[in-house]
Amino acid sequence: MSERIRAEIYRHDPSTGDAPRYDRFDVDGEPEMRVLDVIRAVYEKEAGDLAFQYACRTGRCGTCGVKVNGRPVLACQERAKAEMRIEPLTPFPVLRDLVVDRGEVEERFRALALAPQRAAPHAGTREAVDPILAREIGRLGSCISCMICVSACPAVAERPFDGPAFMLELRRLDEHPADHGPRLEQAVEHGMLECFGCDICTQLCPIDLSPADAIRGFRRQVYFGSRDGKNGATRQAR
Amino acid sequence: MSAVGLPRDSTRQAEGILYGAVGRQLNRWTGIYIVGFVVVHVINEATLRIQPRPDVLVALHALDVEVWARAALHSVEGLLYFAVGFHFLYGLKLIAMDLGARLDVRTTFWAIVALAAIPGVWQVVTIGVR
Amino acid sequence: MTNVPDIRVVRTDVLIAGCGGAGMRAAIEARARDAGVVLLAKGPVRANHTRMSGGRYNVVTGLNPDDSLDIFFDDTIVGGSGLNNQRLVRILVDEALDRAYDLESYGLVWERKTPTDYLVVGSGGGSRLRTLGSFDEGIGVSEVMLHECYRLGVSIREFQMLVDVLQDDDGDVVGGLVLDLRRGEWVVYEAASVVIATGGTSQLYETNSGPAINTGDGIGIAYRAGAELVDIEHMQFIPISFVYPRSIRGYTLTEPQHYGTRHNDVNGEPGKLLNIKGERFILKHDAKWAEAGTRDMLARAIMLEIIEGRGTPEGGVWLQPDPRVFEQFLHERPIYSKRILENYGEKAARFQEPLQVMPSALYTTGGIRIDENGRTTVPGLYAAGEAAGGVHGANRLGGNSMPDIQVFGRRAGLAAAADARERGAVSVPLQQARARTHALESALRAAEGVRPPHLKSQVQALMWNEVGLVRSAPGLTAALAKIRSLRAEVLPRLRVTRATRVLNREWMEAIELGNMLDVAEAMSVAALERTETRGAHYRTDFPTRDDARWLANLYVRREGEGSRVERRPLVTIAPHAALAAAQ
Ligand SMILES: Cc1cc2nc3c(=O)[nH]c(=O)nc-3n(C[C@H](O)[C@H](O)[C@H](O)COP(=O)(O)OP(=O)(O)OC[C@H]3O[C@@H](n4cnc5c(N)ncnc54)[C@H](O)[C@@H]3O)c2cc1C
Ligand code: HEM
Ligand code: SF4
Ligand code: SF4
Ligand code: FES
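None of the values given here were measured: they were computed from a predicted structure.

(A) Representation of the nonpolar core within the structure. In this structure, Y205, L273 and I340 of chain C are the most contacted members of the largest nonpolar core, which totals 258 residues. Element by element, the count of residues in this core is highest for helix 17 (residues 505-529) of chain C, at 13 residues. Of the domains in this structure, domain 1 (4-100) and domain 2 (103-237) of chain A are the two that each give at least three residues to this core.

Right under this line is the structure:
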């Protein structure tokens with residue numbers, strides 16, 4: 001496959017007065033090529049001053065998110081298209097070119113206090129957790145915080161809502177037997193009820209998670225309360 | 001082919017339909033469409049006795065009777081059925097999922113579109129044939 | 001650039017470079033003891049190696065009656081081909097369980113069979129079942145630690161790269177020189193203790209399994225500061241990894257045994273390795289264990305097959321999985337099934353078709369020499385995690401890095417906080433920092449020269465070919481000469497495409513290359529010195545293990561523009577019968 005790939009890449013350095021622009025690059029296609037491969041080829045051969053971010057290149061660090069033809073994706077996972085426009089992930093502030101500032105995202109994580117809020121300190125022995133629940137918590141814990149879902153979520157765009165990834169994290173804590181934080185209240189406070197239930201987040205999550213389901217778990221707690229005064233609503237549903 | 005499903009191939013996320021986005025937009029536009037119909041119809045009914053009739057009300061009456069009620073344009077009426085069907089089913093789906101139903105976005109989207117299209121298509125076809 | 005911003009000075013007690021498992025654990029400990037802590041990450045907080053890992057954690061939990069601390073100790077030493085620092089191994093073995101509970105207290109949920117019985121499985125090189133894991137793997141490990149850091153109020157600085165440590169006239173460390181990549185500004189952190197937790201140096205190799213940030217910065221920085229490196233000739237390679245596409249090339253596929261019935265049955269068969277002629281070449285190397293042999297033997301055998309021209313056109317060999325284990329594999333490692341599906345297609349993912357595999361650089365076994373409390377040979381400088389050496393000897397057991405980064409991350413944080421309190425305020429020689437920043441900005445000023453990515457791929461190819469899986473005196477000598485000449489001639493002539501200071505990747509790579517070349521030098525020097533074959537260190541000119549002469553460690557230290565390598569006896573503790581028997 002020696003097909004040409006034409007990429008239009010967003011260029012902007014907010015530290016200068018220059019307006020954003022799109023630069024066009026032609027790159028030799030390779031089998032199974034990923035968007036990140038194209039970006040790296042552009043950097044190595046044509047635009048040494050391109051700013052972009054990646055680390056693991058295998059969908060685990062969650063730092064390579066970009067928009068390809070308008071849709072948020074992980075650059076290292078998404079297949080390159082013959083024609084594509086590559087832009088930084090919205091709605092985050094751009095540091096330069098394809099790199100966004102995730103400072104505010106980290107502030108939100110910090111503010112949500114996502115370490116378990118324990119009634120008593122950990123005893124230093126094995127803590128009891130139901131094995132199935134342990135897997136479920138681990139599944140929720142696989143979120144790579146890539147912000148793909150937050151970028152795509154229409155409720156984030158229209159309404160006062162932190163975004164799906166944060167709800168998923170709160171849900172993980174809510175499911176955690178040792179945590180006594182007011183996770184449901186936090187979720188509501190951070191806009192959980194604004195969600196449209198559209199499952200865009202579910203469709204685009206590169207880790208095959210469903211933040212929308214996590215939100216529905218919280219909603220059931222709103223409607224029905226929870227069996228043991230804490231978690232239970234989603235467990236019963238699974 | 002094989003009993004065990006593989007995980008999803010998520011390397012073509014930027015291609016194809018974003019079902020959630022289309023569904024939500026359709027729900028919004030069908031909702032607005034229904035509001036449009038209801039507003040026109042209710043105001044017209046409520047103001048039928050007002051005399052002398054200002055131009056606005058005459059136009060409104062014409063709109064209600066000619067376009068909506070008399071179904072001079074069958075497609076408009078078909079669309080109304082579709083709108084009601086889609087909006088109703090989509091809303092039910094959202095509620096059902098909030099209550100714990102586990103439904104796949106893609107299949108439910110097409111199912112709702114298909115179900116909602118039946119009365120509208122039926123209407124257009126039968127009236128059109130007659 | 002004409003307008004060079006002056007250096008910003010920030011004071012703290014403990015400066016920790018590296019926001020992976022080791023750095024975060026050190027930060028948690030130091031912060032919990034009320035020290036002021038600044039934790040640096042070269043990129044976004046989540047861009048680290050710990051996050052990429054399987055998060056498998058070796059520990060004697062007491063749940064497996066056949067296992068004991070002594071057996072864990074012995075396995076680690078035998079796995080390390082005897083070179084491990086036994087004092088460090090003893091601590092690793094003894095403290096791993098408490099650190100596993102710490103992770104649980106931060107919110108990690110280990111997989112389990114009953115509410116209180118953890119699931120304990122096997123891992124490469126372990127003679128007993130002693131490996132814990134969580135469903136969220138390395139992501140979970142790093143995520144819960146990050147939230148614990150947030151809880152304790154550790155201040156984390158993203159996109160801040162440690163460039164060098166600053167030393168007073170006695171050579172004691174008094175802080176760190178840092179480049180804030182986001183603004184292109186220099187920051188000097190005045191700190192009585194500096195902890196290096198910058199991870200390994202897998203980026204030295206063309207094909208590697210690690211993240212782009214692992215360029216061995218901390219090892220190079222410590223080496224330049226005069227610290228001793230230990231066992232640095234030992235680099236661990238994973239035998240099988242993806243061959244294509246380019247982005248994922250080198251990402252681990254673990255071991256052939258997981259692709260056959262041997263995965264859960266010691267009498268079963270591993271997945272079969274075949275060359276382009278369809279031969280089971282592994283039988284030439286190890287007829288007994290074949291594809292179930294050690295990682296180093298497998299990696300070497302595959303590499304030789306590729307070098308000798310019996311590999312695939314894409315540069316790998318074939319792995320024939322056993323379709324019967326597909327369902328179990330899918331259940332246990334869904335993420336690997338997903339990646340195989342996405343890259344090699346559905347048939348391969350269902351094990352109905354062979355996969356292309358190749359070896360890949362995984363783990364920097366040696367590193368900065370540390371004592372039991374993470375102290376390096378330079379006062380005020382500490383190291384932990386993959387950047388440090390000694391714990392794993394010549395080869396690391398799968399699942400031994402996770403307890404390592406927890407146990408020694410904590411110890412380094414503890415000592416760094418205590419020593420900082422004792423030392424009190426320090427002040428940095430700003431002139432020293434200014435001279436260094438001037439030199440480091442040369443790439444921004446140069447009008448012509450070599451672009452950093454070009455030098456980087458040159459170094460990576462050189463290391464892969466000559467200081468990789470197959471080594472020999474002529475190759476190593478040539479590589480060393482080349483590395484030194486690149487450092488002397490090309491490094492100062494690097495230039496960037498545009499002299500912007502904001503997130504200038506070329507500039508960052510130019511600085512990384514300084515570290516990469518220093519580490520490459522130390523590795524080649526030590527590899528040349530060790531005239532035997534041991535663990536992953538394979539010398540074609542000395543193909544056998546030579547315990548009489550080489551059951552000893554090599555220490556490398558910077559001396560002037562060159563380096564000094566010394567062979568010293570092992571660090572041992574009172575031997576116990578089992579170990580003597582195993583050797
Ligand atoms: C695919 C894979 C699977 C693995 N699985 C396992 C496993 O199951 N079990 C196991 O025990 N081990 C495993 N390992 C090994 C293990 O992941 C690593 O050895 C370990 O995570 C290293 O942790 P660390 O904290 O030392 O460094 P890292 O996690 O690499 O962290 C390094 C940090 O340093 C920062 N940094 C680098 N340079 C600078 C600088 N100049 N200035 C400031 N900051 C800097 C980086 O930004 C990063 O935050 C695996 C490795 C791989 C590749
Ligand atoms: C037949 C029963 C109906 C059901 C079950 C239903 C259900 C819903 C639900 C669940 C929503 C919320 C969608 C979201 O949060 O994204 C919604 C939105 C809406 N509905 Fe209905 N609805 C019904 C009838 C109607 C009628 C009769 C009208 C018009 C008069 C209407 C107009 C709207 C509008 C305008 C919206 C806003 C859409 C948006 O903001 O995207 N609905 N409906
Ligand atoms: S839920 Fe999925 S899409 Fe959202 S941040 Fe987590 S991994 Fe990314
Ligand atoms: S389901 Fe809710 S959270 Fe997910 S994308 Fe839609 S609105 Fe956002
Ligand atoms: S580079 Fe880490 S997720 Fe893409």
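(B) Representation of the interface of chain B and chain A. The partner chain A presents 29 residues to the 25 residues of chain B that form the contact. In total, about 2500 Å² of surface goes out of reach between chain B and chain A, with carbon and sulfur atoms giving 44% of it. A salt bridge links D98 of chain B to R219 of chain A; its shortest N-O distance comes to 3.0 Å. Connecting chain B to chain A are 19 residue pairs in polar contact (both at pLDDT 80 or more). Broken down by secondary-structure element, the contributors of at least two residues to the side of chain B that touches chain A are helix 1 (19-46) and helix 3 (74-98) of chain B. No other element matches helix 1 of chain B, which puts five residues into the side of chain B that touches chain A. Counted by class, the side of chain B that touches chain A contains 11 nonpolar, six polar and eight charged residues.

(C) Local environment of the site of ligand 2. In the neighbourhood of ligand 2, the contacting residues comprise F196 of chain A together with N27, R28, G31, I34, V35, H87, F88, G91 and L94 of chain B. Proximal residues around ligand 2 fall on chains A and B, making this an inter-chain site. In the model, an oxygen atom of ligand 2 is placed 2.8 Å from a nitrogen or oxygen of the R28 of chain B side chain. H87 of chain B places a polar side-chain atom, nitrogen or oxygen, 2.7 Å from a nitrogen atom of ligand 2. Broken down by secondary-structure element, the contributors of at least two residues to the shell around ligand 2 are helix 1 and helix 3 of chain B. At five residues, helix 1 of chain B tops the list of elements feeding residues into the shell around ligand 2. Residues of the shell around ligand 2, tallied by class, amount to five nonpolar, four polar and one charged.

(D) Structural detail: the site of ligand 1. Residue and element names in this part refer to chain C. The full set close to ligand 1 counts 39 residues, and H49, T50, L162, D217 and M402 are the nearest of them. R396 is positioned with one of its side-chain polar atoms (N or O) 3.1 Å from a nitrogen atom of ligand 1. M402 places a main-chain nitrogen or oxygen 2.7 Å from an oxygen atom of ligand 1. Protein chains bury 97% of the 1000 Å² of accessible surface belonging to ligand 1 in isolation. Put simply, the parts of the chain that give the shell around ligand 1 at least two residues each are helix 1 (21-32), helix 2 (49-52), strand 9 (160-167), strand 17 (355-364) and helix 12 (401-423). Per-class residue counts for the shell around ligand 1 are 15 nonpolar, 19 polar and five charged.

(E) Representation of the pattern of salt bridges in the model. Residues and elements named next belong to chain C. What the rule picks out here adds up to 100 salt bridges over all chains. A salt bridge links K456 to E509, with the nearest nitrogen and oxygen atoms 3.5 Å apart. One end of the pair, K456, is in helix 15 (residues 452-466); the other, E509, is in helix 17, and 53 residues separate them in sequence. The exposure class assigned to K456 is buried, which follows from its relative accessible area of 10%. A salt bridge links R534 to D547, with the nearest nitrogen and oxygen atoms 2.8 Å apart. With R534 in the loop between helix 17 and helix 18 (547-550) and D547 in helix 18, this residue pair connects regions lying 13 residues apart in the sequence. For R534, a relative accessible area of 1% puts it in the buried group.

(F) Just the coordination of the iron atom of ligand 2, in detail. You will see that the iron atom of ligand 2 has only one donor from the protein, H87 of chain B (NE2), lying 1.9 Å away. Along the polypeptide, H87 of chain B turns up in helix 3.

(G) Looking closely at the interface of chain C and chain A. Taken together, the contact pairs 73 residues of chain C with 65 residues of chain A. Summed over both sides, the interface of chain C with chain A buries roughly 5800 Å², with 50% coming from carbon and sulfur. Where chain C packs against chain A, one counts seven salt bridges. E30 of chain A is the partner of R246 of chain C in a salt bridge, and the nearest nitrogen-oxygen pair spans 2.4 Å. In this structure, the connection of chain C to chain A is made through 40 residue pairs in polar contact (both at pLDDT 80 or more). Of all elements in the fold, only helix 2, helix 4 (86-106), strand 5 (112-114), strand 6 (117-118), helix 5 (137-152), helix 10 (334-344), helix 15 and helix 17 of chain C reach the threshold of two or more residues within the side of chain C that touches chain A. Residues belonging to the side of chain C that touches chain A are distributed by class as follows: 29 nonpolar, 20 polar and 24 charged.

(H) The arrangement of a nonpolar patch on the surface in detail. Nonpolar side chains collect at one region of the surface, where V188, L193, V222, Y223 and F224 of chain A together with F88, L92, I95 and L99 of chain B lie side by side and expose about 860 Å² of accessible area between them. Where the nonpolar patch is concerned, the elements lending two or more residues are helix 9 (211-224) of chain A together with helix 3 of chain B. Summarising the element assignment, I95 of chain B is placed in helix 3.

(I) Quick peek at the sheet that holds strand 2 (residues 14-17) of chain C. All names here are of chain C. The parallel open sheet is built from five strands, whose spatial order is 8-3-2-12-19. Two strands lie at the open edges of the sheet, namely strand 8 (155-157) and strand 19 (381-383), each paired on one side alone. Ignoring strand direction, the axes of neighbouring strands in this sheet form an average angle of 20°. Of the strand pairs in this sheet, strand 2 and strand 3 (residues 37-40) are connected by four bridges, and their pairing is parallel. Paired with L15 across the two strands is V38, which belongs to strand 3.

(J) Looking closely at the packing of helix 1 of chain C against helix 5 of chain C. Residues and elements named next belong to chain C. Relative orientation of the contacting elements helix 1 and helix 5 amounts to 30°, with a least axis distance of 10 Å. Considering the angle they form, helix 1 stands roughly parallel to helix 5. Here the hand of the crossing between helix 1 and helix 5 comes out left-handed. Between helix 1 and helix 5, the contacting residues are G21, M24, R25, A27, I28 and R31 on the first element and S142, M145, L146, E148, C149 and L152 on the second.

(K) Layout of the sheet that holds strand 17 of chain C. All names here are of chain C. One open sheet holds the four strands; their spatial order is 14-17-16-15, and the pairing between them is antiparallel. For this open sheet the edge positions go to strand 14 (235-241) and strand 15 (272-274), each flanked by a neighbour on one side alone. Strand-to-strand twist across the sheet, computed as the mean angle between neighbouring axes with direction ignored, equals 40°. With three bridges connecting them, strand 15 and strand 16 (residues 317-320) associate as antiparallel partners. Bridge pairing in strand 16 places L274 opposite W318. Where helix 8 (residues 295-307) meets the sheet, its contacts fall on strand 14, strand 15, strand 16 and strand 17, and the angle it forms with strand 14 comes to roughly 65°.

(L) Examining the side chain of T11 of chain B more closely. Mapped onto the fold, T11 of chain B is located in the segment before helix 1. Overall, the relative accessible area of 0% leaves T11 of chain B in the buried class. Among all residues touching T11 of chain B, those that are not within four sequence positions of it are R34, Q77, E78, R79 and K81 of chain A together with E342 of chain C.

(M) View of the confidence of the model for chain B. On average, chain B scores 85 in pLDDT, and the residues at 70 or more come to 87%. Across chain B, helix 1 of chain B holds the top mean pLDDT of 91, while helix 2 (residues 55-69) of chain B sits lowest at 78.

(N) The packing of aromatic side chains, seen in detail. Under the defined criterion, the tally for this structure stands at 22 aromatic pairs over all chains. Ring pairs connect the aromatic residues F242, Y244, Y251, Y336 and Y344 of chain C, which therefore count as one cluster. The residue whose ring lies beneath R85 of chain A is Y22 of chain A, and the NZ or CZ to ring-centre distance is 3.7 Å. A cation over an aromatic ring shows up here: R567 of chain C above the ring of W550 of chain C, its NZ or CZ 5.4 Å from the ring centre.

Analysis parameters
- Starting afresh in each chain, residues are numbered from 1 along the sequence in its written order.
- Chains and ligands are labelled sequentially in the order written, the chains with letters from A and the ligands with numbers from 1.
- In keeping with the predicted nature of the model, local features appear solely for residues at pLDDT of at least 70, side-chain atom pairs appear and are counted solely at 80 or more, and the whole-chain, interface and lining totals rest on all residues.
- The side-chain quantities take in all heavy atoms of the structure and omit both hydrogens and water.
- Working definition of a nonpolar core: buried Ala, Val, Leu, Ile, Met, Phe, Trp, Tyr and Cys residues. They are joined through side-chain atoms within 4.5 Å.
- Each residue's exposure class comes from its accessible area (1.4 Å probe, protein chains only) as a fraction of the maximum for that residue type: buried when under 20%, exposed when over 50%, partly exposed otherwise.
- Labels follow the DSSP assignment, with helices taken as runs of H or I lasting at least four residues and strands as runs of E lasting at least two, numbered in each case from the N terminus.
- Start and end points for every domain follow an automatic or database-based domain assignment.
- Pairs of residues are marked as contacts when any of their non-hydrogen atoms sit within 4.5 Å.
- Once two parts are joined, some of their accessible surface, as seen by a 1.4 Å probe, is lost; buried area is that loss totalled over both.
- By salt bridge we mean one thing: a side-chain nitrogen of Lys or Arg within 4 Å of a carboxyl oxygen of Asp or Glu.
- Definition of a polar contact: a pair of N or O atoms within 3.5 Å, with one able to donate and the other able to accept a hydrogen when the atoms are protein atoms, and with sequence-neighbouring residues admitted only if both atoms are side-chain atoms.
- In the scheme used here, Gly and all other residues not listed as nonpolar or charged are polar, with Ala, Val, Leu, Ile, Met, Phe, Trp, Tyr, Cys and Pro taken as nonpolar and Asp, Glu, Lys and Arg as charged.
- Nearness is judged by heavy atoms alone; a residue qualifies as near a molecule or strand once a single heavy atom is within 4 Å of it.
- The accessible surface values rely on the Shrake-Rupley method and a 1.4 Å probe; as for residues, cover is taken only from the protein chains in view.
- The donor set comprises N, O and S atoms within 2.8 Å of the metal, extended to 3.2 Å for Na, K and Ca; water molecules are omitted, so apparent gaps in a site may simply reflect that omission.
- Patch membership requires more than 30% relative accessible area and the absence of a salt bridge. Residues of like charge join within 9 Å; the nonpolar side chains Val, Leu, Ile, Met, Phe, Trp and Tyr join within 5 Å.
- If DSSP finds at least two bridges between two strands, the strands pair.
- Structural elements are reduced to axes, namely lines fitted to C-alpha atoms, with helices fitted over the stretch in contact, and the angle between N-to-C directions of any two is expressed from 0 to 180 degrees.
- Orientation is classified from the angle alone, with under 35 degrees giving roughly parallel, over 145 giving roughly antiparallel, 65 to 115 giving roughly perpendicular, and any other angle giving oblique.
- Working rule for handedness: look at the near helix, and if it is turned counterclockwise from the far one by less than a right angle, call the crossing left-handed; if clockwise, right-handed.
- pLDDT is a residue-level measure of predictor confidence that goes from 0 to 100.
- Only Phe, Tyr and Trp rings take part, Trp by its six-membered ring, and two of them pair if their centres are within 6.5 Å. Stacked means planes under 30 degrees apart, edge-to-face means over 60, and tilted covers everything else.
- Only Lys NZ and Arg CZ are tested; either one counts as a charge over a ring when it is within 6 Å of the ring centre and within 35 degrees of the ring normal.

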